Amino acid sequence: MRRSKFFIGIGLIVAAVVYLIASSTAQAKEYFMTVDELQAQGAAMVGKNLRISGAVIGDTIQYDPATLTLTFEVAQVSGDNAEIEALGGLAVVLHQAVIDPTRARMKIIYIGVTPDLLRNEAQAIVTGYIDADGVFHADELLLKCPTKYEEAVPEQSASK
Amino acid sequence: MLAQFGYGTLVLSFVVTLYAAGAAMLGVRNKSLAQIESARRAMLLTFPLVSLTALVLITLLVSNQFNVQFVYEVTSSSMPTYLKVTAWWGGQAGSLLFWSFLMSAFASAVTLHKWERDRELLPWVIVTACVTLAFFLGLNIFFENPFAQLYQTLDGEIGAYTFAPAGAQLFQPVDGRGLNPLLRHPGMIIHPPMLYLGFVSFVIPFAFAIAALVTGRTDDRWIRLTRRWTLWAWFFLSFGLVLGGRWAYDVLGWGGYWGWDPVEIAAFMPWLTGTAFLHSVMIQEKRGMLKQWNMVLIILTYCLVIFGTFLTRSGVLSSVHAFAQSAIGPAFFIFILATFSISIRLLIYRWADLRAEAEMTSMLSREALFLFNNLLFMGILVVCFWGVIFPLVSELFTGQKVTVGPPFYERANGPLFSALFFLMGVAPLSAWGHSTWQTLGRALWKPTLIATAITVFLYFTYTEKPAALLGFFLVALVLLVTVYEFWRGARARQQSHKESFFSALNHLTARNRRRYGGYIVHMSMVLMAIGILGIEIFQKETQGQLQLNQSLNIGGYTVTYAEIADFHYRDGHDVTRATVKVYRGDAYLGELAPRIDYYYTPSDIENTLQRMTIPGVRSTLADDLYILLVDWQPATATSATFKIYVNPLVNWLWIGCLVFLFGILIAAWPDKDAELVPARAKNKAYQSSAADD
């Protein structure tokens, strides 16, 4: 019963952890993109796990309670924090994205409960995939309303 | 005026704290007991000073001084007083002050300890505690001043300033923004203070560890002195995590309790290292091994505590998740880097002195299994840490931001948690020092056999899913072994002391608090695991639009839509409440009332409506029926849409949480002879007879 046996045991655990991390990362990774980036890549991203962020355009929110189908559009906002700060903060950036008709937009479809924070000029962070028509099918919908409270609502206040 | 006074006491606290740290260091250099005593008194003084600062802030909060920016941001005049008080930690500046308040309280408590035997540790404990305290006070002074007031400058701009700009007028908003209604839940009111209590308590063992490293007192004295601090820290941190989960389940309306988001993980990571530390210090106390490792763990825990506060408070992850921005990020980063590198330098300096006094002799010995337990906890930590930093890493190396979500954590951590459960079942049966397959097998075969029988039974009656069956096998094994340990101990005592079984059980636990408290914690893990297996593997959900008197069926329940009504409350929020009747088969079980609350905020805020979806829940030991009102037709009120979950066994999660806290209380409750029992360290023979496990 000497040390080498311990190192084998420790090595096995370490190897198992490394394997679990590597394989789970490969399987569960989501590409975090802006609307512009996603539309630029187009067909290459169809079917991949994606997470995009954008400004919710209030006029486009539609909900069909019979099928629990929620559709809305988001407008392109930058994914770069420093850039958002330079433009005057997230609230300003979201507002400008919504009123600017030239911004790239993406249609989101989500089946489920309308999140409590879904409203005009909220920041939507959606996880899902795009189909060949460029429509985003969301599995998960996170919303942030930066103007409302200094203290961000914890992330879980999302629909899953 | 009051606000300036508060800022003044804040600055004074900061100066006194710096003085304490400086005087302690000088005292060591000059070998001056007087200087060290002066430092000790200064540290004692920080508590009343920070308390006074906090009192000023609370006064401002409850008296609606909305020209103070922080008061404006977290309260409104319609909030009840207790919520105004708890709004103290409802925003960033206040919660940092809350951190300092706890830190100064604990630092003072430590100075009251009898120091005679540990004189040389004192100055370094003061230095460590005061540097930490000074950092947090400094954040408040230089970056996040809770006493900053709103001023209108000559060109009409309104902004928050610590000192009035030239020519500016105080600006007095009519009302504050108010606390987010989602945060007005009892769980959410005490969740942050509990987490913070846990965070801050871990600073004390760290301070003693650093003191031990600096002075070269590398025995296990620092561990014995801080054993209870560690347990209480663990208690509060665990309680805080549990409350957060319960809050999510009650308020957030997605039928879950844990979402693996970075902020949750930030609080979970110090818990992981803290749990590993709790286990591995026993090896050092018993066998004089793993000394270096324990140092690594407590240093990691401290850094993760600071990192956790940083993640929840700084907005560093806002590139992904859009939290509030703040200037304190770089400050935190520098502080963590500095404390970590200094600690590690000290550890390397003492590395040789911390060599183990004994060698591991057997793979199956108790200490070896503890070591594997530690590795598994570290594995889970690495998984979590990787998940949190992966977006930053991937962006750095590929330019493409890639994130990982809950499936990553579940998939990677699942096997590690299972292995931990297996160890939880095996380790209590293994012997210290030397254990073989034969001795272990002899102890283990009965529980294994019974657990297998239970699993086979469940296979035929309940589920065929392999993951669930493996889970149930493991929890059965742990439960059997733990109950057996209680039974064996109590029987032995019953015979030797001629007591009744229950009195023997009672005395046994009272005499070996940490050991049996720990076993109770193990059993609570079993209960929680049952709840988690239930909701994760067997959760059912359905949703649909119902006309009045129509029904949805799920999991044996029939839910019939009966009524919907609107209510207006005097504090200005509206409630739409649906009433549904619940049947199981033909049996009528009662009504549930899922509802949506609407909170309106003052009109100077752009988004004036906050919705809260509050589920109607029928909770039994077998399952929870969890009903959400999703949508309805306001005009006719004849149709409404519901989402319904059946969460089997989830109540065992909450029951397990209560048992868990009870177990820690048993382990941490003060003994008469407290931790100062010098005889034990020498009396190893007596000790290893499991009297003080």
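Residues numbered from 1 in each chain as written. Chains lettered and ligands numbered in written order. Predicted model: local features only at pLDDT ≥ 70, side-chain atom pairs only at ≥ 80, totals over all residues. Heavy atoms only, no water.

## Points about the overall build of chain B
Of regular secondary structure, chain B possesses 22 helices and 14 strands. Since a compact globule built from 693 residues should have a radius of gyration of about 26 Å, the 28 Å found for chain B is in line with a globular shape. C-alpha extents for chain B along the principal axes are approximately 80 × 75 × 60 Å. The proportion of buried residues among the 693 residues of chain B is 60%. Relative to all contacts within chain B whose residues are 6 or more apart in sequence, the contacts with residues 24 or more apart total 70%. Of the roughly 27,800 Å² of accessible surface on chain B, a fraction of 65% belongs to carbon and sulfur atoms. (Helix = DSSP H or I, 4+ residues; strand = E, 2+ residues; numbered from the N terminus. Rg over C-alpha atoms; globule rule 2.2 N^0.38 Å. Buried < 20%, exposed > 50% of the residue type's maximum accessible area, 1.4 Å probe, protein only. Contact = heavy atoms within 4.5 Å. Areas by Shrake-Rupley, 256 points an atom, 1.4 Å probe, with all protein chains shown as cover.)

## Digging into the nonpolar core
Residues I52 and F136 of chain A together with W99 and W271 of chain B are the most contacted members of the largest nonpolar core, which totals 225 residues. For this core, the leading source of residues is helix α9 (residues 221–251) of chain B, giving 16 residues. Setting aside its immediate chain neighbours within four residues, W271 of chain B contacts W234, L237, S238, L241, F377, M525 and F660 of chain B. Core analysis: the next-biggest nonpolar cluster, separate from the first, contains 21 residues, L546, Y557, Y561 and V646 of chain B among them. (Core = buried A, V, L, I, M, F, W, Y, C linked by side-chain atoms within 4.5 Å.)

## Structural notes on the sheet that holds strand β2 (residues 158–161) of chain B
Residues and elements named next belong to chain B. The strand order β2-β1-β3 describes an open sheet built from three strands, whose pairing is antiparallel. Each end of this open sheet is capped by a strand with a single partner; those strands are β2 and β3 (169–170). As paired strands, strand β1 (residues 149–152) and β3 are joined by two bridges and run antiparallel to one another. In the strand pairing of β3, Y151 is matched with L170. (Pairing = 2+ DSSP bridges.)

## Description of the packing of helix α10 (residues 262–287) of chain B against helix α19 (residues 513–538) of chain B
Residues and elements named next belong to chain B. Contact pair α10 / α19: the axes reach a minimum separation of 13 Å and the direction vectors enclose 145°. Of the two elements, α10 crosses α19, and the hand of that crossing is left-handed. Across the interface between the two elements, W271, H279, V281, M282 and E285 from α10 touch R514, H522 and M525 from α19. In terms of residue class, the contact of α10 with α19 is built from four nonpolar, two polar and two charged. (Axes fitted to C-alpha atoms, helices over the stretch in contact; angles between N-to-C directions. Left-handed = near helix turned anticlockwise from the far one by under 90°. Nonpolar A, V, L, I, M, F, W, Y, C, P; charged D, E, K, R; others polar.)

## Brief notes about the state of the cysteines
As used here, a disulfide is simply a covalent bond connecting the sulfur atoms of two cysteines. Residues and elements named next belong to chain B. In total, this model carries zero disulfides over all chains according to the counting rule given. With no disulfide partner, C303 has as its closest neighbouring cysteine sulfur the one in C384, 17 Å distant. Note on C303: relative accessible area 6%, which makes it buried. (Disulfide = S-S within 2.5 Å.)

## Concerning the domain arrangement of chain B
Considered domain by domain, chain B is made up of domain 1 (1–179), domain 2 (398–537 + 653–672 + 679–691) and domain 3 (539–651). When each unit is reduced to the centre of its C-alpha atoms, the spacing between domain 1 of chain B and domain 2 of chain B is 43 Å. (Domains from an automatic or database assignment.)

## Brief notes about the pattern of salt bridges
Across all of its chains, the model carries 22 salt bridges over all chains by this definition. The partner of R105 of chain A in a salt bridge is E73 of chain A, and the shortest N-O contact between them spans 4.0 Å. One end of the pair, R105 of chain A, is in strand β4 (residues 105–111); the other, E73 of chain A, is in strand β3 (residues 69–76), with 32 residues separating them in the sequence. With relative accessibility at 26%, the residue E73 of chain A sits in the partly exposed group. Among the ionic pairs, R41 of chain B bridges to E37 of chain B, the shortest N-O distance being 3.3 Å. Residue R41 of chain B and its partner E37 of chain B are located together in helix α2 (residues 33–62), separated by four residues, close to a single helical turn. The network of salt bridges with common partners includes D118, E120, R217, D219 and R221 of chain B. (Salt bridge = Lys/Arg side-chain N within 4 Å of Asp/Glu carboxyl O.)

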